[in-house]
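Analysis of the macromolecular model
One letter stands for each residue in the lines below.
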Amino acid sequence: MNTHDQLRPSTPRRRLALRVAVGLLLLTAIGTGSAIGFIPISFNENTAPFFWFEASFQDIDFVINADGSDDISDDSEEAAIRLAFQEWEDVPGAFISFVEDTSAGARAIKRTNTADHVVFFDENNSSGFFNGNSSVIAVTPLLADIATGRIQDADIIFNGDDQSFSVDQTSGTFDVQAIATHEIGHFIGLDHEPSLRATLFQAAGATQIHARSLSTDDETGVAVTYPENAFIFGTGSISGNVVDGNDAPVRAAHICATDSDGLFAASTVTDANGDYQLDGLAPDIYTVHCEPLDEPTGVGDISRLNAADTDFTTAEQANIDVGAGDDESVDFVVADLNAAGARLDVLSVLPSERVRGTASFTLRVGLAGFEPGNIDFTISGDGIVPGPVAFAGNTATAVVTVAANATPGIRNIRVTNDDNEVAFMTGGFEVLLAPPNAGVVVPNLVDVAAGTTVQIQGQDFVDGAHVVIGGELIADNDVNFVNATRIDVDLPTNLDAGQLDVVVINPDGQQDVLANGLEAVVAPVIDEVDPTTASAQGGTTIFIRGSNFVDGLTVDFDGVPAQVVDVLSNEIEVVADVIPPGTADVTVTNPGGQSDTLNNAVDFIDEPAVEVDDVDPDSGPRRGLSLVTVNGDGFLAGARVFFDAEEAGDVEVVSGQEIICITPAGSGSVDVRVRNPSGLEGLAKNAFTYVNGAGGGGGGGGGCGAPATASVGPADLTGSLGPIALLLAIFWVLGITRRRS
């Protein structure tokens, strides 16, 4: 079967609607019992939950397509995706790990019908999931065995055709890390979560980053699905049944547990029998409430559901003491809505987060089924006390202050009226620590090839913070949290040279970007120069080969600057200036001041420079024996010509600007070099190309090739027709050879 997660619009968010399509082969369904804490993906309520069988004995592989996102220029979306996988892998008590395939072949794949588990940005609807002007943000197709729930394949596709993405909360874009973290939850078998601030909540807003970090319920989901032994034996559960006043089971009721600090801990929905089970609870004293599954979450947002009972009022029970290994029973008998009248309902909360200790703000709670003047609301946990409630239309407002010492975490908003009716926005508000503030990097100019350690100095860093430099995610074992004002980073040696952004991301997903915070320089390495002779009178073109060459570098010969013509990472083209005769060192200096010197690299000779401009014709047969003209300047009698390492035959220096010769055998494109008797050289790179068959100025095609000795030298020809006679003589010799073949 196939199932996939889709992100669709709602105001002010885009909704994630999990769709299910039946596979070609329907397998026999098996029952799964009551619904458990968190919500696993399955075909329906009676089939097995999805899971990776491989997780029990091997890593789950994934590959990030190399094309990346058209919206992001520095490939930093890859770091964001890797952080998203790491977020799930690092959950305490969870036995699951991922391994990235970074091979070029795998990274070139951009389709879902392969054995690779591909993450890619679909920029032109090549996947077919985003027809038309789609409001879907991302989709996670899953292929699983209906009977066993074993996942066979999974991919993650971002809708780059219709949506925009970023890693820095650019206005109007969706955060790559937040969306990837949500989709990876589906990738490992978890369904949508009705709690507003959970990573797996079914809606995502532009620029929102809270889904980067997992809620307790998200963490419980992966730990219960892929548990370590310590987690199994160190946690307890709450289970029970929900019925209405007629003792009829209540289907798809939303069950939520809140811990003793007032923080959202876990949630699930009841099955068709009204049963539920909240597994993986840390030992604590909990409050549990039961509410209808309605706005902002509905039946269509959870794949396993096709119906839900919502005509009942909310109920709650407190002081449930859960110990390790305990299973506490909590049943609910809820009031029938028809008997109780209109139901109080919480539809929205704005804002849904605040940093503790910030200035007072106005909290707006959208409601239904209430009468103005008889509503009050509270936020669970410490450090938050709303002021008097005011009304405007269907919205209740209150001025709220979050104390500087309020416990960070996700809270519930609890609304009551004069009739003692209760409604919740489960997980509706989050108290955040202060975001990190990256002030300076010390040192901020480093040679990355040297394995340098730098300090990021700032404020409000949290243990477990991640660091991204120049779009590259720094490995956790190279990030050393010292204290709230300092993080030490061992730099990798593969950072790009130049001005690099430094990003610190706290565990809750909040980040700070220090633009151009680090300048990475790299020392050049000189391997060789070519040619090794040059004119002391200036003008010789010299190629310097090596590595780590950077635009803006300088080159000098014994301190005399050369003209830099072209810079590649592994080759520099320069023109030497006037320099005293003799042997000179060459020094290359990158913009950051790093340099390398090759001693006694070039012998400067006091005669005019040799220049090779071109070869005419510039191609000929691989067997050689083409008559060609080498054009340039500074040619002297007795000069020799080389096609790469092979010497040309029958060389005639016609003038200081022209040489005619016979090409040697060869293949591919070759450099052509002229060497005067003094040893002074000039060369033209890739000036001649060997081709199959006939070509250039000599001979015809086909037949046996003429032996190298079957040629007529310039000394045998006289008069002004010398070059023409030579050409005719070669045709004649080749003609005889072909006839003899």
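In short, a report on the structure. Values in this document were obtained by computation on a predicted structure and should not be read as measured data.

Definitions and cut-offs
- Residues numbered from 1 in each chain as written.
- Predicted model: local features only at pLDDT ≥ 70, side-chain atom pairs only at ≥ 80, totals over all residues.
- Heavy atoms only, no water.
- Phe/Tyr/Trp six-rings, centres within 6.5 Å; stacked < 30°, edge-to-face > 60°.
- Buried < 20%, exposed > 50% of the residue type's maximum accessible area, 1.4 Å probe, protein only.
- Helix = DSSP H or I, 4+ residues; strand = E, 2+ residues; numbered from the N terminus.
- Lys NZ or Arg CZ within 6 Å of the ring centre and 35° of its normal.
- Expected span 1.5 Å × (residues − 1).
- Pairing = 2+ DSSP bridges.
- Axes fitted to C-alpha atoms, helices over the stretch in contact; angles between N-to-C directions.
- Parallel < 35°, antiparallel > 145°, perpendicular 65-115°, else oblique.
- Left-handed = near helix turned anticlockwise from the far one by under 90°.
- Contact = heavy atoms within 4.5 Å.
- Nonpolar A, V, L, I, M, F, W, Y, C, P; charged D, E, K, R; others polar.
- Core = buried A, V, L, I, M, F, W, Y, C linked by side-chain atoms within 4.5 Å.

Looking now at the packing of aromatic side chains. Both the distance between ring centres and the angle between the ring planes are used here to describe each pair of aromatic rings. Evaluated as defined, the whole model comprises 13 aromatic pairs. Centroid distance Phe53 to Phe57: 5.5 Å. Interplanar angle 70°. Geometry classified as edge-to-face. The class for Phe53 is partly exposed, based on a relative accessible area of 37%. Ring geometry for Phe643 and Phe688: centres 5.4 Å apart, planes at 90°, overall edge-to-face. Remark: Phe688 occurs in strand β56 (residues 681-691) and Phe643 occurs in strand β51 (residues 640-643); sequence separation between them is 45 residues. A residue is classified by how much of its surface remains accessible, and Phe643, at 2% relative accessible area, is buried. Here the aromatic cluster, defined as three or more aromatic residues joined through ring pairs, consists of Trp52, Phe62, Phe85, Phe98 and Phe187. Over the face of the ring belonging to Phe361 we find Arg354, whose NZ or CZ atom lies 4.8 Å from the ring centre.

Here we come to helix α1 (residues 76-89). Taking 1.5 Å per residue, 14 residues should reach 20 Å; α1 reaches 20 Å between its end C-alpha atoms and fits that length. Judged by how many residues are buried, α1 sits mostly within the fold: 12 of 14 residues are covered. Among the residues of α1, those classed as buried are Ser76, Glu77, Glu78, Ala79, Ala80, Ile81, Leu83, Ala84, Phe85, Gln86, Glu87 and Trp88.

Let us look at the sheet that holds strand β47 (residues 595-605). Paired through backbone hydrogen bonds, the strands of a sheet run either parallel or antiparallel to each other. Spatially, the 5 strands line up as an open sheet ordered β40-β47-β46-β42-β43, and their pairing is mixed. Each having just a single partner strand, β40 (533-535) and β43 (560-561) make up the two edges of the open sheet. As judged from the 3 bridges shared by β40 and β47, these two strands associate in the parallel manner. Note that in β47 the partner of Ala534 across the bridge is Phe604.

Here the focus is the packing of α1 against helix α3 (residues 176-187). Contact pair α1 / α3: the axes reach a minimum separation of 8 Å and the direction vectors enclose 45°. In terms of their interaxial angle, α1 and α3 are classed as oblique. Every pair of crossing elements has a handedness; the one defined by α1 and α3 is right-handed. For the pair formed by α1 and α3, the contact residues are Glu77, Ala80, Ile81, Leu83, Ala84, Phe85, Glu87 and Trp88 on the first element and Val176, Gln177, Ala180, Thr181, Ile184, Gly185 and Phe187 on the second. In terms of residue class, the contact of α1 with α3 is made up of 10 nonpolar, 3 polar and 2 charged.

Core analysis: the largest hydrophobic core is formed by 44 residues, its most contacted members being Trp52, Trp88, Ile96, Phe98, Phe158, Phe187 and Ile188. Contributions of two or more residues to this core are made by β4 (60-64), α1, β6 (118-122), β8 (142-144), β9 (151-154), β10 (156-159), α3 and α4 (216-225). Aside from chain neighbours lying at most four places away, what touches Phe158 is Val119, Phe120, Phe121, Asp122, Phe130, Ile137, Ala138, Phe165, Val176, Ile179 and Ala180. In this structure, Phe370, Ile375, Ile413 and Phe429 belong to the second largest nonpolar core, which totals 26 residues.

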